[in-house]
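For reference, the chains in residue letters:
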Amino acid sequence: AVVLSIFFPAVTDPLAGSNLSGDLRTPQQSIPIGTILAVLVTTLVFCTQVILVGGSVERETLQTDRTVVAILSWPVKELVFMGMCLSTMGAG
């Protein structure tokens, strides 16, 4: 549930960009390409994060601590929590 709450806003926010079609020269061509690329890049970033965190943290910590990314964050772990809250609120 925690991973879904982080990943869901990441893939819905690029879809919100399609509402700006009036600013594009060729919206019928640009929106599908831009939306698909935004979702693919976001998925790639999150998959890379899973691999890097999974390779740098002990198995027991991954299984028990749901905020392991905040522990690894630098310089301030509270930024991770603020980012999660803001992206979740912005997705609505």
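**Observations regarding the overall build of the protein chain**
Right, on to step 1. Across its full length, the protein chain carries 5 helices and 0 strands.
Right, on to step 2. Taken from N to C terminus, the helices and strands of the protein chain fall in the order α-α-α-α-α.
Right, on to step 3. Looking at the protein chain as a whole, 12% of its 92 residues qualify as buried.
Right, on to step 4. A sequence separation of at least 24 residues applies to 43% of the contacts in the protein chain between residues at least 6 apart.
Right, on to step 5. For the protein chain, the accessible area works out to roughly 7100 Å², and carbon and sulfur atoms hold 68% of it.

**Re the confidence of the model for the protein chain**
Right, on to step 1. Residue-level pLDDT values for the protein chain average 77, and 74% of them are 70 or greater.
Right, on to step 2. Here helix α1 (residues 2-16) stands out as the least confident element of the protein chain, with mean pLDDT 62; helix α3 (residues 59-64) is the most confident, with 89.

**Observations regarding helix α2 (residues 27-56)**
Right, on to step 1. Taking 1.5 Å per residue as the helical rise, α2 with its 30 residues ought to reach 44 Å, and the 43 Å between its terminal C-alpha atoms agrees with that figure.
Right, on to step 2. Every buried residue belonging to α2 is among T35, T42 and V53, and all of these are buried.

**Observations regarding the environment of T43**
Right, on to step 1. Looking at where T43 falls in the secondary structure, it is placed in helix α2.
Right, on to step 2. Within polar-contact distance, the side chain of T43 engages the backbone oxygen of V39 at 2.8 Å.

Criteria and cut-off values
Residues numbered from 1 in each chain as written. Predicted model: local features only at pLDDT ≥ 70, side-chain atom pairs only at ≥ 80, totals over all residues. Heavy atoms only, no water. Helix = DSSP H or I, 4+ residues; strand = E, 2+ residues; numbered from the N terminus. Buried < 20%, exposed > 50% of the residue type's maximum accessible area, 1.4 Å probe, protein only. Contact = heavy atoms within 4.5 Å. Areas by Shrake-Rupley, 256 points an atom, 1.4 Å probe, with all protein chains shown as cover. pLDDT = per-residue confidence, 0-100. Expected span 1.5 Å × (residues − 1). Polar contact = N/O pair within 3.5 Å; in protein donor to acceptor, adjacent residues only side chain to side chain.

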